[in-house]
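Coordinate analysis (summary)
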Amino acid sequence: MGAGLGLTPKEVAASRGSDLPRPSVGGPLLHKSVERLVPLVARAAWDPVLGELADRAGSGYLFRPRRTVEYAKNLIGSWSLIHRPPRDLPAVSVGRLRATWIVELMRAHIDHHLIAQAAGLASAASLARWQHLVPPVDEVAAARLLRGPEER
């Protein structure tokens, strides 16, 4: 949910299967219980997995579905400690997954203002800390982006 929707740890913990409807057949998966200025749409690569999890969870929580309270202290942190990846892989972190989601959008050259709105950030200036992870565009892509569409 961090990498596919850019959710914060608190938002991950509060999300239920019913929060992820698909308004139309074949349409994108939306997150309806998180307030954003723009629709929060699942990334295409994560859509099938999140859709399946949402269907399985129904009205239950997506993360740790058998729990009874919405948010408990160390809910996500304790899970990360128990489920450590093998050897040299970094620990699972919702914050890191969210940052991956943000950088992926930046690398796709999506408007920074739109990214900030989708992430629930105060402004696009908040994205500056990730800019060093976005490679510069090549000359051909730069010319295409700067030229814009042929039609007016």
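Residues numbered from 1 in each chain as written. Predicted model: local features only at pLDDT ≥ 70, side-chain atom pairs only at ≥ 80, totals over all residues. Heavy atoms only, no water.

Some words on the confidence of the model for the chain
Detailed conclusions should not be drawn from predicted coordinates in areas where pLDDT is low. Averaged over all residues, the pLDDT of the chain is 86; the fraction at 70 or higher stands at 84%. Element-level pLDDT for the chain is lowest in helix 4 (residues 75-82), with a mean of 56, against a maximum mean of 96 in helix 6 (residues 112-119). (pLDDT = per-residue confidence, 0-100. Helix = DSSP H or I, 4+ residues; strand = E, 2+ residues; numbered from the N terminus.)

Some remarks on the packing of helix 5 (residues 94-107) against helix 6
Two elements in contact, helix 5 and helix 6, have axes separated by 10 Å at closest approach and are oriented at 155°. When the axis of helix 5 is compared with that of helix 6, the two are roughly antiparallel. Remark: the crossing between helix 5 and helix 6 carries right-handed chirality. Across the interface between the two elements, Arg98, Trp101, Ile102, Leu105 and Met106 of helix 5 pack against His112, Ile115, Ala118 and Ala119 of helix 6. (Axes fitted to C-alpha atoms, helices over the stretch in contact; angles between N-to-C directions. Parallel < 35°, antiparallel > 145°, perpendicular 65-115°, else oblique. Left-handed = near helix turned anticlockwise from the far one by under 90°. Contact = heavy atoms within 4.5 Å.)

Focus: the pattern of salt bridges
Tallied over the entire structure, the rule returns five salt bridges. Close ionic contact of Asp47 with Arg22 constitutes a salt bridge, the shortest N to O distance being 2.7 Å. Of the two residues, Asp47 is situated in helix 3 (residues 47-57) and Arg22 in the loop between helix 2 (9-14) and strand 1 (30-31); the sequence distance between them amounts to 25 residues. Salt-bridge contacts for Glu150 lead to Arg147; the nearest nitrogen and oxygen are separated by 3.0 Å. (Salt bridge = Lys/Arg side-chain N within 4 Å of Asp/Glu carboxyl O.)

Details of helix 6
Within the sequence span of helix 6, burial applies to Ile115, Ala116, Gln117, Ala118 and Ala119. Residues of helix 6 that are buried make contact with strand 2 (40-41) and helix 5. Its side-chain oxygen placed 3.1 Å from the backbone nitrogen of His113, Asp111 serves as the N-cap of helix 6. Two residues or fewer after helix 6 comes Gly120, characterised by a positive phi angle close to 75°. (Buried < 20%, exposed > 50% of the residue type's maximum accessible area, 1.4 Å probe, protein only. Polar contact = N/O pair within 3.5 Å; in protein donor to acceptor, adjacent residues only side chain to side chain.)

A few points about the environment of Trp101
Locating Trp101 in the fold gives a position in helix 5. Each C-alpha atom of the pair Trp101 and Ala3 lies 4.8 Å from the other, and the pair is 98 residues apart in sequence. Filtering out sequence-adjacent residues up to four positions away, Trp101 remains in contact with Gly2, Ala3, Gly4, Leu5, Gly6, Leu40, Arg43, Ala118 and Ala119.

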